[in-house]
Amino acid sequence: MALLTPQDLEGLTKQLEYNNNTIKKATGMDIADICKQIYSTTLDGEKVGIVPITSGNGIISNFSSSLLTITEYFGLDGDITEHPDVTGYYEAVSSDADIILMADDHIFIAHNMRNGKIATNHVCTGVVYAEIASRYKYADSKDILVIGLGRVGYAGAQHLVKKDFDVYAYDPNRETLEKARKELGIIPYDPEEKHKFSMVLEATPNPNTISEGMVAERCLVSTPGIPCGLPEDIGKKNEIDLVMEPLMIGVASMIYAVM
Ligand code: NAD
Ligand code: 2YG
Ligand code: MG
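Owing to the predicted nature of the structure, the values given are computational and were not obtained by experimental measurement. (Residues numbered from 1 in each chain as written. Chains lettered and ligands numbered in written order. Predicted model: local features only at pLDDT ≥ 70, side-chain atom pairs only at ≥ 80, totals over all residues. Heavy atoms only, no water.)

### Considering the side chain of S66
Condition: Only DSSP runs of H or I with at least four residues qualify as helices, and only runs of E with at least two residues qualify as strands; both kinds are numbered from the N terminus onward. Under the scheme applied here, a residue whose accessible area is under 20% of the maximum for its type counts as buried, over 50% as exposed, and between as partly exposed, the area being computed with a 1.4 Å probe on protein chains only. Residues count as neighbours in contact if any of their non-hydrogen atoms are within 4.5 Å of one another.
Topologically, S66 is positioned in helix α3 (residues 63–73). A relative accessible area of 5% means that S66 is categorised as buried. If sequence neighbours within four positions are ignored, S66 has contacts with L9, L12, L247 and M248.

### A word on the site of ligand 1
Test applied: By convention in this text, a residue qualifies as near a molecule or strand provided that one of its non-hydrogen atoms is within 4 Å of it. Any pair of N or O atoms that falls within 3.5 Å is considered a polar contact. Within protein, one atom must be able to donate a hydrogen and the other to accept it, and sequence-neighbouring residues count only if both atoms are side-chain atoms. Computed by Shrake-Rupley with a 1.4 Å probe, the accessible areas treat only the displayed protein chains as cover when residues are assessed. Polar here means any residue outside two lists: the nonpolar Ala, Val, Leu, Ile, Met, Phe, Trp, Tyr, Cys and Pro, and the charged Asp, Glu, Lys and Arg; Gly therefore counts as polar.
In the vicinity of ligand 1, 23 residues are found, and the nearest of them are V152, D171, N206, P224 and E245. Between ligand 1 and P224 there is a distance of 3.1 Å, counted from a nitrogen atom to a backbone nitrogen or oxygen. Within the contact set of ligand 1, an oxygen atom lies 3.2 Å away from a backbone nitrogen or oxygen of P246. Contact with the protein chains covers 80% of the free accessible surface of ligand 1, which is 870 Å². Of all the secondary-structure elements, those providing two or more residues to the shell around ligand 1 are α5 (121–134) and α6 (151–162). Of the residues belonging to the shell around ligand 1, the class tally is twelve nonpolar, eight polar and three charged.

### Quick look at the pairing of strand β7 (residues 166–170)
Put simply, the rule reads: Two strands make a pair as long as DSSP finds a minimum of two bridges between them. Seen with its strands pointing away from the viewer, a crossover is right-handed if its path from the first strand over the helix to the second goes clockwise.
Bridge count for strand β6 (residues 143–147) against β7 is five bridges, and the pairing is parallel. Bridging from a neighbouring strand, V146 pairs with A169 of β7. In this region the chain leaves β6, passes through α6 and returns to the parallel neighbour β7; the handedness of that crossover is right-handed. In this sheet, strand β8 (residues 187–188) lies alongside β7 in parallel orientation, the contact comprising two bridges. By the bridge assignment for β8, A169 is matched with P188. With helix α7 (residues 174–184) bridging β7 and the parallel β8, this β-α-β connection has right-handed handedness.

Laid out in structure tokens, this is it:
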């Protein structure tokens, strides 16, 4: 799995505000509205304990501070523990945190200490980016394309199938594609096909995954993938609305998911 770098997390508040504006223009809703709709929950100034974790590749210098920024953006009372790991966890629980956020190299969780709910970043990211794509005001049909069916894309595709969209999906890994066809009922998509979509969820770690034949002239590309899969020239040539941000939209989704 590709890990975030400190450079990915620079200027996050600006990125969040920029994307929130794009989401509003493209769907009529902001990130909070979208999350409320998905989970039927609201926030009420909860206390969030953020625990830095040193295992594996270790602490990402601005990861915890980025989590603090997003918790405060949503009016929550965030706090980064003084110590990492188990000592930090003990600190967060002892100081009465309602929600704990922590990540190692494999999994990033939100755990609500009051109601026991737990959520992962990969599922919540897939779900929220899928929901954003599915709410595109200018969509020309219920057809939606999912590019990449890994941990994030699979969760997004599952969400869209449950919402009764016609979900087309592509992954170069044949087993992955076949598994999603069997388990979710997605329609396998061939990139050589001449089928253009006005809603696209991209969830791959690769650039240039979106080609001209995939996107309608007016299209929303909703992508958590790092780096961005949409080539700049295709974005400019067509009227493409692009939602893409490296951390905060997914974290917002995690917090609403555990309320
Ligand atoms: P993953 O490795 O589980 O899955 C990636 C999938 O993409 C694989 O199935 C792979 O076969 C497929 N793929 C590769 N090239 C492709 C192509 N050209 N066309 C279609 N599919 C292709 O990764 P993941 O955990 O699902 O994460 C996906 C991306 O999302 C990564 O870049 C990750 O860093 C990023 N991510 C971002 C956020 C966020 O908040 N922005 C959150 C979580 C993950
Ligand atoms: O506490 C820390 O600073 C580190 N242990 C955090 C490690 C997070 C590693 N995970 C990732 O980089 C992502 N794949 C998951 C984060 C989702 C946002 N893109
Ligand atoms: Mg995100």
